[in-house]
Amino acid sequence: MPRWKTFLIQYLQWSNTATQALVLAVITFCIVLPLCCHPLIYSYYFIKSMYLNSMSEEVLRESLDRGQDALHFWQSASTASPVSSRFSDIAQRPDLLVTVVTARRNEGWDFHYLLQVMRQLSGILGGCGERRCAEVLVCDVESGSQENQDAKLLEAHFRVIRRSPREQQMNREPVNVFEKEKRDYVFCLRKGWELVKPKNVVVLEDDALPKQDFFTVVKDLLARRFSLQTLYIKLYHPERLQRYWNPEPYRILEWVGLGLVGATALLLTFTYWNPCSFSFKLSASHLLFFTVYFMAASELLGRHYLLEVRRLSPQLYAVSPATECCTPAMLFPGNSSLRVAEYLDGSFCFKGHAKDTVLYRMARTIPGESSHSVEPNLITHIGAYSSVRANPPRPKLL
């Protein structure tokens, strides 16, 4: 028999570690993960052509149903109901003020995003014991000729603030949508502070639906030492941007750490339980292989799904340096909301330089300032239709 055939037979024998590694990789990445992950929208194996349209339509239908339920809920709640008496009066110097920024949506108005958010808030505000978790303001920044009907409906149940006629007149200068959005945000930040002087502020956009553990996690974040020195804490980052393969350096460290822990645990397990007779052992080369193996598997599966495990406890939520994109849910500890309003006031926003970009750059360049993000997300972004940007005929999840 030729020497090359002898070598090939010996190489392909199951007792050969390289053969075992190759078979394991092929089974994992070409069979098991594709079969398990092809319906998962944030996995690399997700088949858009098969699932995206139907999943998008299902999410839109669920949101529409929630919106209609919320509309009926608030319409049926009388001004004398317990809901009204609990939320319309706001205490001074609360530990936490939640300001919900809202404007009329010309498209998707029947989804009633604001009513969905306020119904969710009303349900979880009592989860902090005898005292409610936070005081709540609705900040209606609608400046068009038509009223924001959802905000009007909530006036019987929550404190709703708007610009005065004089402020409306001063705000009529024509500007682009990004600058207008920033000015509305600054108005709501300052107005909330002027009204009640809160110790901490959360600002939600009207399509940011809080999770059930929202206030529990916020309370835990505020109890951590880092919050005393931070400008803001982001409570949401788009799921599609949460992957390990990302410019954020801390994620690379997390990714490598996950691979090392998984590889070490598996190689130690083989010492006591090895049903497939693997010949792997705790050596540098085998540790390197399984580190890369677990890193690849976790990235292809989707980091978003691994982050969901952290919801088991508020202490497990990860805090990291802030990412740039998006401001649907922001926590401003202490009086930092005033500094944020001042920083935003000093910048003019336009496409490519919106308020989230301004804040991100300010926190990175101003001495003494820092910013953070929390993972997993504390809100679900339900706003398929934007109030300030052009919308597609039928929004998609991706």
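What counts, and at which threshold
- Residues numbered from 1 in each chain as written.
- Predicted model: local features only at pLDDT ≥ 70, side-chain atom pairs only at ≥ 80, totals over all residues.
- Heavy atoms only, no water.
- Pairing = 2+ DSSP bridges.
- Helix = DSSP H or I, 4+ residues; strand = E, 2+ residues; numbered from the N terminus.
- Axes fitted to C-alpha atoms, helices over the stretch in contact; angles between N-to-C directions.
- Parallel < 35°, antiparallel > 145°, perpendicular 65-115°, else oblique.
- Left-handed = near helix turned anticlockwise from the far one by under 90°.
- Contact = heavy atoms within 4.5 Å.
- Nonpolar A, V, L, I, M, F, W, Y, C, P; charged D, E, K, R; others polar.
- Salt bridge = Lys/Arg side-chain N within 4 Å of Asp/Glu carboxyl O.
- Buried < 20%, exposed > 50% of the residue type's maximum accessible area, 1.4 Å probe, protein only.
- Disulfide = S-S within 2.5 Å.

Draft legend 1. Spotlight on the sheet that holds strand β2 (residues 135-140). Pairing within the open sheet is mixed, and its 8 strands lie in the order β3-β2-β1-β4-β8-β6-β9-β7. Of all strands in the sheet, those bounded by a partner on one side alone are β3 (159-161) and β7 (318-321). The sheet shows a mean angle of 25° between the axes of neighbouring strands, direction not considered. Bridging between strand β1 (residues 97-102) and strand β4 (residues 201-205) involves 5 bridges; their strand directions are parallel. Bridge assignment links V100 to a residue of β4, and that residue is L204.

Draft legend 2. Expanded view of the packing of helix α3 (residues 48-76) against helix α5 (residues 113-124). Where α3 meets α5, the closest approach of the two axes is 8 Å, and the angle between their N-to-C directions is 70°. Here α5 runs roughly perpendicular to α3, going by the angle between their axes. Remark: the crossing between α3 and α5 carries left-handed chirality. Here S63, R66, G67, D69, A70, L71, F73 and W74 of α3 come into contact with α5, specifically with Y113, L115, Q116, M118, R119 and S122. For the contact of α3 with α5, a count of residues per class yields 7 nonpolar, 4 polar and 3 charged.

Draft legend 3. Just the pattern of salt bridges, in detail. Taken as a whole and judged by the stated rule, the model has 21 salt bridges. Residues D207 and R105 are paired through a salt bridge, measuring 3.3 Å at the closest nitrogen-oxygen approach. A residue pair is termed long-range when its members are at least 10 positions apart, and D207 in the loop between β4 and β5 (208-210) and R105 in the loop between β1 and α5 qualify at 102 residues. Judged by its relative accessible area of 8%, R105 is buried. The partner of E254 in a salt bridge is R303, with the nearest N and O atoms 3.0 Å apart. A residue pair is termed long-range when its members are at least 10 positions apart, and E254 in helix α10 (residues 249-272) and R303 in helix α12 (residues 303-307) qualify at 49 residues.

Draft legend 4. Spatial organisation of the state of the cysteines. On inspection of all chains with the given rule, the structure shows 2 disulfides. Two residues share a disulfide in this structure: C325 and C326, whose sulfurs sit 2.0 Å from each other. Classification of C326 as buried rests on a relative accessible area of 19%. The thiol sulfur of C36 is not disulfide-bonded, and the nearest other cysteine sulfur, from C37, lies at 5.9 Å. The thiol of C349 is unpaired, and the distance to the nearest cysteine sulfur, on C326, comes to 14 Å. For C349, a relative accessible area of 0% corresponds to the buried category.

Draft legend 5. Inspection of the packing of helix α13 (residues 336-345) against helix α14 (residues 355-365) at higher detail. Two numbers describe how α13 lies on α14: the axes approach to 10 Å, and their chain directions differ by 110°. Judged by the angle between their axes, α13 and α14 are roughly perpendicular. Considering how the two elements wind past one another, α13 and α14 form a crossing that is right-handed. Counted together, V340, Y343 and L344 of α13 and K355, V358, L359 and M362 of α14 form the full contact between these two elements. The residue inventory of the contact of α13 with α14, partitioned by class, reads 6 nonpolar, no polar and 1 charged.

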